[in-house]
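Coordinate inspection notes
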Amino acid sequence: MKKVVNVGSEIGTNFLNQLDELSDIREGYERSTLRNSNKELYEILAKVYCIFEDMNKNKSEFESNIKFLKSKFKERNIKIQKNTSWLTVLIRYVFNADRVRSYNYNRVISYAKESGIAPDELSQFIEEQGGIESCKKIMVLKDSGKKIDIDYDVYDILENIDAFESVAKIDLGETNL
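For clarity, every value in this text was computed on a predicted model and none was experimentally measured.

Among the surface-exposed residues, Phe-15, Leu-19, Leu-22 and Ile-25 lie close enough to one another that they form a single nonpolar patch of about 370 Å² accessible area. Along the chain, the position of Ile-25 falls in helix H1 (residues 10–57). Residue Ile-25 is classed as exposed on the basis of its relative accessible area of 52%.

Quick look at the structure:
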């Protein structure tokens, strides 16, 4: 038989207080630490994108550097295929990333490039799109030929959901958890 905690009891109140405290800590984490770490990630991706753009402008100068990078992968025990794109090589090197993560970051930068976004605008672009996962999903949809119809207001609502006032209050009374 399951043990039921009565919310009105001292144990139940203590239990809920602990959960409320953890929820507050989580909210703070999402507002500051997670948000700032995402911004840092986007900035790193923007710098990789900038290097990639420089490479495309001066391909002959960078060919030997790519060969050198590929040899560095051997030291890290990372296998890389001969036909791996320069962008993926850069991403894998900087992030020491596996193929899936590299692919996702490649999709984000490729999506930005196709959208005419400059490297110094990448961070803001990723945020406006709803993050890495949203950018990746958009690229996958584009590649599949499916119609893309994204309502960006949804992202604003989800981003600010906790700021909205409740339309009703619910009293749990003697509810058991």
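Glancing now at the layout of surface pockets. Its boundaries defined by the atoms lining it, the second largest pocket holds a volume of some 170 Å³. Together, Lys-79, Ile-80, Gln-81, Asn-83, Thr-84, Thr-88, Arg-92, Arg-99, Ser-102, Tyr-103, Asn-106 and Arg-107 line the second largest pocket. Contributions of two or more residues to the lining of the second largest pocket are made by helix H3 (86–95) and helix H4 (99–114). The element that contributes the greatest number of residues to the lining of the second largest pocket is H4, accounting for five residues.

Take the environment of Glu-40 next. Note that Glu-40 resides in helix H1. With 83 residues separating them along the chain, Glu-40 and Ser-123 place their C-alpha atoms 8.7 Å apart.

By the definition in use, this model includes five salt bridges. Across the pair Arg-26 and Glu-27 runs a salt bridge, and its minimum N-O distance is 3.8 Å. Here Arg-26 falls in the partly exposed class, since its relative accessible area comes to 36%. Relative accessible area serves as the criterion here: at 23%, Glu-27 is assigned to the partly exposed category. Salt bridges linked by common partners bring Arg-26, Glu-27 and Arg-31 together as one network.

The rules behind these values
- Residues numbered from 1 in each chain as written.
- Predicted model: local features only at pLDDT ≥ 70, side-chain atom pairs only at ≥ 80, totals over all residues.
- Heavy atoms only, no water.
- Patch = residues over 30% accessible without salt bridge, like charges linked within 9 Å, V, L, I, M, F, W, Y side chains within 5 Å.
- Areas by Shrake-Rupley, 256 points an atom, 1.4 Å probe, with all protein chains shown as cover.
- Salt bridge = Lys/Arg side-chain N within 4 Å of Asp/Glu carboxyl O.
- Helix = DSSP H or I, 4+ residues; strand = E, 2+ residues; numbered from the N terminus.
- Buried < 20%, exposed > 50% of the residue type's maximum accessible area, 1.4 Å probe, protein only.
- 1 Å grid on protein atoms, 1.4 Å probe; cavity = no way out; pocket = protein on both sides within 12 Å on 5 of 7 lines; lining within 4 Å.
- Points joined across faces, edges and corners; volume = space filled by probe spheres on them.

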